[in-house]
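In case you want the letters, here they are:
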Amino acid sequence: FYILVILLAQILFSIFCWWQLNRPRPLYLELERAIRKKEFVPYAQPIVDAITKETIGIEILMRWKHPFQGIVRPDLFIPQAEDSGLIIPMTDLLLKETAKQLREYKHDLPTPFHVGVNISPQHCKSSILLDECKVFIDEVSNHNVILVLELTERGALEVSEFTRGLFYDLKMLGCKIAIDDFGTGHSSLVNLQEINLDYLKIDRVFVKNIGVDCTSEHLIESTVELAKRLSLRIIAEGVETEAQAEYLKKQGIENLQGFLFAKPIPLGEFLQNYNQNISVIDSD
Ligand code: C2E
Ligand code: MG
Ligand code: MG
Ligand code: MG
């Protein structure tokens with residue numbers, strides 16, 4: 001009889017545990033928990049020189065290493081993280097982990113090494129960003145890193161007195177500024193010039209349509225024109241085919257990023273592979 005009671009209690013307890021773990025909870029509570037557990041990790045995707053195809057740097061892309069759901073892609077949680085303001089501590093976590101892994105990497109990286117990080121509009125309203133970037137740059141001083149802040153064009157980035165000052169300070173610190181997803185929002189030229197940009201990242205919806213629809217090609221060509229006038233460099237995103245890479249190179253676009261070269265992988269893995277590839281080239 002006792003054994004039966006114990007068995008029943010155990011079953012009930014298991015059911016309770018299962019329910020605790022799987023009951024639906026508001027996402028922001030889950031995000032808060034995940035921040036405490038440091039579940040947001042940096043993935044890296046290389047950015048290459050359009051002509052030599054050599055890696056010049058990486059973009060850091062956030063992934064959520066969920067204990068039960070595995071790796072969660074950012075589109076599923078970034079919007080809510082932005083609405084709740086949790087994106088700020090999440091990005092801080094990501095910057096710290098990225099800096100740690102880069103500092104611990106004792107081999108050569110391309111110099112200078114471009115590190116792109118996505119920054120939400122909310123984050124640009126606070127001077128925390130400046131402190132975080134300072135710490136990041138200090139941490140990785142063993143490499144010649146250029147921190148490139150990617151601001152999405154779709155976000156509501158207001159250029160106020162405060163942001164103007166913040167961007168000025170960030171630039172004095174040595175950070176570069178990129179407009180991400182260029183062509184999908186409606187940034188005015190005035191706005192662009194006010195924050196003294198360095199890069200435009202052409203969104204992959206345009207790259208995807210190269211050779212398919214000439215409106216996309218016209219947009220790319222006029223972006224190149226605009227970038228030249230403003231002395232901006234261009235990175236094309238979402239390059240998947242040789243034909244796209246060839247077309248973009250011919251337009252005079254400096255840098256390319258996309259599955260043609262590599263998919264995003266954990267930063268640690270990227271660094272390990274990079275070291276191995278370099279060693280192979282050295283020993284040739
Ligand atoms: P994004 O910054 O424009 O990043 C590029 C996205 O395109 C990445 O998706 C990348 O995996 C994907 N991609 C790159 N090459 C190709 C390609 O050749 N083909 C296709 N189909 N896709 C390609 P991911 O990593 O899912 O990120 C999606 C978006 O989530 C990012 O777009 C960015 O807006 C946001 N995000 C990612 N990490 C962070 C972060 O740390 N902070 C913030 N605020 N947003 C982030
Ligand atoms: Mg980006
Ligand atoms: Mg983009
Ligand atoms: Mg995009």
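In case you missed it, the structure is sitting above this.
Everything numeric here is computed off the predicted structure, so don't read it as measured data. (Residues numbered from 1 in each chain as written. Chains lettered and ligands numbered in written order. Predicted model: local features only at pLDDT ≥ 70, side-chain atom pairs only at ≥ 80, totals over all residues. Heavy atoms only, no water.)

S.K.: For this particular structure, what's the right way to read the pattern of salt bridges?
M.R.: Pairs may arise between side chains of opposite charge once their charged atoms sit close together. Following the criterion strictly, the structure yields twelve salt bridges and no others. In this structure, the salt-bridge partner of Arg33 is Glu39, at a minimum N-O distance of 2.9 Å. The pair Arg33 / Glu39 is uniform in exposure class, with both members buried. Here Glu246 makes a salt bridge to Lys249, at a shortest N to O gap of 3.7 Å. One end of the pair is Glu246 and the other is Lys249, both in helix H10 (residues 242–250) and three residues apart, which spans about a single turn. On the accessibility criterion, Glu246 (33% relative accessible area) is partly exposed. (Salt bridge = Lys/Arg side-chain N within 4 Å of Asp/Glu carboxyl O. Buried < 20%, exposed > 50% of the residue type's maximum accessible area, 1.4 Å probe, protein only. Helix = DSSP H or I, 4+ residues; strand = E, 2+ residues; numbered from the N terminus.)

S.K.: Before we go on, may I ask you to explain the coordination of the magnesium ion (ligand 3) in this structure?
M.R.: Octahedral six-donor coordination of a metal ideally yields angles of 90 or 180 degrees, compared with 109.5 degrees for tetrahedral four-donor coordination. At the metal site, the magnesium ion (ligand 3) is ligated by Asp180 (OD), Asp181 (OD), Glu237 (OE) and Glu237 (OE), and these contacts range over 2.1 to 2.4 Å. Written as a sequence motif, the donor arrangement for the magnesium ion (ligand 3) is D-D-x55-E. A spacing of 4.1 Å is found between the magnesium ion (ligand 3) and the magnesium ion (ligand 2), which share Asp180 as a donor. One end of the pair, Asp181, is in strand E6 (residues 176–182); the other, Glu237, is in the loop between strand E8 (233–236) and H10, and 56 residues separate them in sequence. A single burial state applies to Asp181 and to Glu237, both of which are buried. (Donors = N, O, S within 2.8 Å, 3.2 Å for Na, K, Ca; no water.)

S.K.: It is not clear to me how a nonpolar patch on the surface should be interpreted in this structure. Could you clarify?
M.R.: A contiguous nonpolar surface patch, about 500 Å² in accessible area, is contributed by Leu7, Leu8, Ile11, Leu12 and Ile15. Mapped onto the elements, Leu7 comes out in helix H1 (residues 2–22). Looking at Leu7, the relative accessible area reads 46%, which means it is partly exposed. (Patch = residues over 30% accessible without salt bridge, like charges linked within 9 Å, V, L, I, M, F, W, Y side chains within 5 Å. Areas by Shrake-Rupley, 256 points an atom, 1.4 Å probe, with all protein chains shown as cover.)

S.K.: Just to check I follow, could you spell out the packing of aromatic side chains for this structure?
M.R.: Pairs of aromatic rings are described using the distance from one ring centre to the other and the angle between the two planes. Inspection of every chain in the model, using the stated rule, returns six aromatic pairs. Ring plane angle 20° and centroid distance 6.1 Å describe the contact between Phe270 and Tyr274, whose orientation is recorded as stacked. Pair noted here: Phe270 and Tyr274 are both in helix H11 (residues 267–283), with a separation of four residues, about one helical turn. Residues Phe270 and Tyr274 agree in their burial class; the two are buried. Among the aromatic residues, ring-to-ring pairing joins Phe40, Trp64 and Phe77 into one connected group. (Phe/Tyr/Trp six-rings, centres within 6.5 Å; stacked < 30°, edge-to-face > 60°.)

S.K.: Looking at this structure, I do not really get the nonpolar core. What am I missing?
M.R.: For soluble globular proteins, nonpolar side chains are generally found buried alongside one another. The biggest cluster of nonpolar side chains holds 71 residues, and the ones touching the most others in it are Phe40, Met90 and Leu248. When sequence neighbours within four positions are dropped, the list of residues in contact with Leu248 reads Val207, Ile210, Ile220, Ala236, Val239, Ile253 and Leu256. In terms of nonpolar packing, the next biggest core, distinct from the first, is built from five residues, Ile47, Val148, Ala178 and Ile235 among them. (Core = buried A, V, L, I, M, F, W, Y, C linked by side-chain atoms within 4.5 Å. Contact = heavy atoms within 4.5 Å.)

S.K.: Which parts of the structure should I look at to understand the pairing of E8?
M.R.: On any regular strand, side chains alternate: one points to one face of the sheet, the next to the other face. Looking at chain direction, strand E7 (residues 199–202) and E8 are connected through four bridges and run parallel. Opposite Leu200, over in E8, you have Ile234 as the bridge partner. With two bridges joining them, E8 and strand E9 (residues 255–256) adopt parallel strand pairing. What sits directly across from Ile235, in E9, is Asn255. Crossover handedness for the path E8 to H10 to E9: right-handed. (Pairing = 2+ DSSP bridges. Right-handed = clockwise from strand over helix to strand, strands pointing away.)

S.K.: Just to check I follow, could you spell out the environment of Glu225 for this structure?
M.R.: By the element assignment, Glu225 lies in helix H9 (residues 214–229). Glu225 gets classed as partly exposed once you look at its relative accessible area, which sits at 38%.

S.K.: How do you make sense of helix H5 (residues 128–139) when you look at a structure like this?
M.R.: Note on helix geometry: an α-helix contains 3.6 residues per turn, so any two residues three or four positions apart are oriented the same way. Its twelve residues place the ends of H5 17 Å apart at the C-alpha level, agreeing with the 16 Å of an ideal helix rising 1.5 Å per residue. Every buried residue of H5 is listed here: Leu129, Leu130, Glu132, Cys133 and Phe136. Projection of H5 onto a plane perpendicular to its axis shows the buried side chains occupying an angular sector of 165°, all on one side. Buried positions along H5 lie against helix H4 (87–104), strand E4 (113–119), strand E5 (145–152) and helix H6 (161–173). (Expected span 1.5 Å × (residues − 1). Arc of directions from axis to C-beta.)

S.K.: I would appreciate a short explanation of the site of ligand 1 in the present structure.
M.R.: The full set close to ligand 1 counts 24 residues, and Arg73, Ser120, Asp180, Glu240 and Phe259 are the nearest of them. One of the side-chain nitrogen or oxygen atoms of Arg63 is found 2.9 Å away from an oxygen atom of ligand 1. In this structure, an oxygen atom belonging to ligand 1 sits 2.9 Å away from a side-chain N or O atom of Asn118. When ligand 1 sits alone it has 800 Å² of accessible area, and the protein chains cover 87% of it. Taking a 2 Å distance to the grid points as the criterion, the majority of the atoms of ligand 1 fall inside the largest pocket. Going through the elements one at a time, strand E2 (55–66), H4 and E6 are the ones with two or more residues in the shell around ligand 1. Across the shell around ligand 1, the residue classes tally to nine nonpolar, five polar and ten charged. (Near = heavy atom within 4 Å. Polar contact = N/O pair within 3.5 Å; in protein donor to acceptor, adjacent residues only side chain to side chain. 1 Å grid on protein atoms, 1.4 Å probe; cavity = no way out; pocket = protein on both sides within 12 Å on 5 of 7 lines; lining within 4 Å. Sits in = over half its atoms within 2 Å of the grid points. Nonpolar A, V, L, I, M, F, W, Y, C, P; charged D, E, K, R; others polar.)

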